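# Structure assessment
Below, each chain spelled out in residue letters.
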Amino acid sequence: MLKQQADSMLDRAVEAGDVPGVAAMACTRDATIYEGAFGSRRLGVNEPMAIDSVVWIASMTKPITSAGVMQLVEQGRIGLDDAMGRWVPELASVQVLEGFDAAGSPRLRAPKRPVTLRHLLTHTSGYGYGMWNEPIARYMEVTGLPATSSCQNVALRLPLLFDPGERWNYGINIELVGKVIEAVSGRKLGVYLKENLFDPLGMDSTGFRITPSMRKRMARLHERDADGVLTAGDFEVPQEPEFELGGGGLYSTAADYLAFVRMILNKGAGNGSRVLKAETVELMSRNQMGELRVLPLRTLNPLRSNDAEFFPGMPKSWGLGFMINHDRAPTGRSPGSLAWAGLSNCYFWIDPVAGIGGVYMTQILPFADVKSLPLFLDFETAVYRSLS
């Protein structure tokens, strides 16, 4: 029943022109219970979307980088509450932005406490993104700093919006976690993740660099204009970067990402390998920011993102790499489930209570797309209904 229902829903959305192409999968701890792909990898071209089509997963990179650094934590090579300035120069010299003076220059001060790994993993360090934070956007304009998507080291020299630990704010935290991994492990981020996560889990189409094999299967990023019309673009994460974008630079497939989802469902084991201890996954899956809560993202750049909030009004916290919903979601997602998304309208969820998870891949800007996000939620709802 799920196959028929989900196929019909996704195919209908493609036929209506809501999405150019979509790949979706769902699994239990032991088996794949749904897979389907519809539409085209690029509008107007006969390149069918498939389960192994390669997409830019954007911020769905963050949980993977977080899992990578947690391997180093469980090995005792770094502590969650260690000051990260020891490992990353940008974190040793970071300041808090208090505002701008009459001449428009930034007013900065030293933070009251150092940025720890826990702050970075929970987005409570004080960092932001210019796309959703006006003071950061203004600071970037005044100083000429590029966006982190440029993969230039100078892009990480942003100030904090508040002292570490004071509230939740989505920002460049996991880009800096990638730098921490490199400093502690002595390996390039992409090499470290390949050796310690991708190869053991059989994720052979995931990486920062687009290999020739991946490029043959690659879907293009599309943009929806104010009239709702989709146009294929040519955006690519820099392939010769100064640093690899641990917060948003990975390319992957629905099948590869489902392998990561299943590993979390199975408490660190997948593809015959154990990549994390069960107690590490349990730690990552619990609220790690106390009474603080996840806040809506208010866009300053409608071409890149709409205003975004998952399950508006529902309390949500953050673990070590994932958003956690506190109540049962309208889709059927259990309290205590893990989830996040990518700017390109890629989404996933992991429900440890029900023992299921899923991934949904499209390639559309802006984020929280008016057609793609509801389609993902409808897909998730169909998965839960099939289990009842």
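Reading the values: rules and limits
- Residues numbered from 1 in each chain as written.
- Predicted model: local features only at pLDDT ≥ 70, side-chain atom pairs only at ≥ 80, totals over all residues.
- Heavy atoms only, no water.
- Helix = DSSP H or I, 4+ residues; strand = E, 2+ residues; numbered from the N terminus.
- Rg over C-alpha atoms; globule rule 2.2 N^0.38 Å.
- Buried < 20%, exposed > 50% of the residue type's maximum accessible area, 1.4 Å probe, protein only.
- Contact = heavy atoms within 4.5 Å.
- Areas by Shrake-Rupley, 256 points an atom, 1.4 Å probe, with all protein chains shown as cover.
- Lys, Arg positive; Asp, Glu negative; His and termini not counted.
- Charge placed at Lys NZ, Arg CZ, Asp CG, Glu CD.
- Salt bridge = Lys/Arg side-chain N within 4 Å of Asp/Glu carboxyl O.
- Pairing = 2+ DSSP bridges.
- Axes fitted to C-alpha atoms, helices over the stretch in contact; angles between N-to-C directions.

## Some details on the overall build of the protein chain
- Helices and strands together make up the secondary structure of the protein chain, namely 11 helices and 16 strands.
- Here the C-alpha atoms of the protein chain give a radius of gyration of 20 Å, agreeing with the 21 Å that 2.2 N^0.38 yields for 388 residues.
- With the C-alpha coordinates of the protein chain rotated into their principal frame, the extents come out at 60 × 45 × 45 Å.
- By residue count, 59% of the 388 residues in the protein chain fall in the buried class.
- Of the contacts made within the protein chain by residues no fewer than 6 positions apart, 68% connect residues no fewer than 24 positions apart.
- For the protein chain, the accessible area works out to roughly 14,900 Å², and carbon and sulfur atoms hold 49% of it.
- Of note, the protein chain has its 39 positive side-chain charges centred 3 Å away from the centre of its 42 negative side-chain charges.

## Here's the deal with the pattern of salt bridges
- The final tally for this structure, using the stated rule, is 19 salt bridges.
- Between D7 and K3 there is a salt bridge, with the nearest N and O atoms lying 3.3 Å from each other. Linking D7 with K3, this pair stays in helix α1 (residues 2-15), spanning four residues, or about one helical turn.
- Here E240 and R209 are joined by a salt bridge, their closest N and O atoms 3.9 Å apart. In this pair, E240 is assigned in the loop between β7 (230-232) and β8 (251-252) and R209 in the loop between α7 (189-201) and α8 (212-216), connecting sequence segments 31 residues apart.
- For E240, a relative accessible area of 71% corresponds to the exposed category.
- A single salt-bridge network, built from bridges that share partners, covers E98, R109, K112 and D163.

## Remarks on the sheet that holds strand β16 (residues 364-365)
- Judged by pairing direction, the sheet is mixed, and its three strands sit side by side in the order β7-β6-β16 without closing on themselves. At either margin of the open sheet sits one strand with a lone partner, and together these are β7 and β16.
- Sheet topology places strand β6 (residues 222-224) next to β7; three bridges connect them, and they run antiparallel. If you follow H222 over to β7, its bridge partner there is A232.

## Looking at the sheet that holds strand β13 (residues 338-342)
- If you trace the seven strands from one edge of the open sheet to the other, you get β2-β1-β15-β14-β13-β12-β11, paired in antiparallel fashion. Looking at which strands have only one partner, the edges of the open sheet turn out to be β2 (32-39) and β11 (316-318). On average, adjacent strands in this sheet sit at an angle of 15 degrees to one another, irrespective of strand direction.
- Bridge count between strand β12 (residues 323-325) and β13: two bridges; the pairing is antiparallel.

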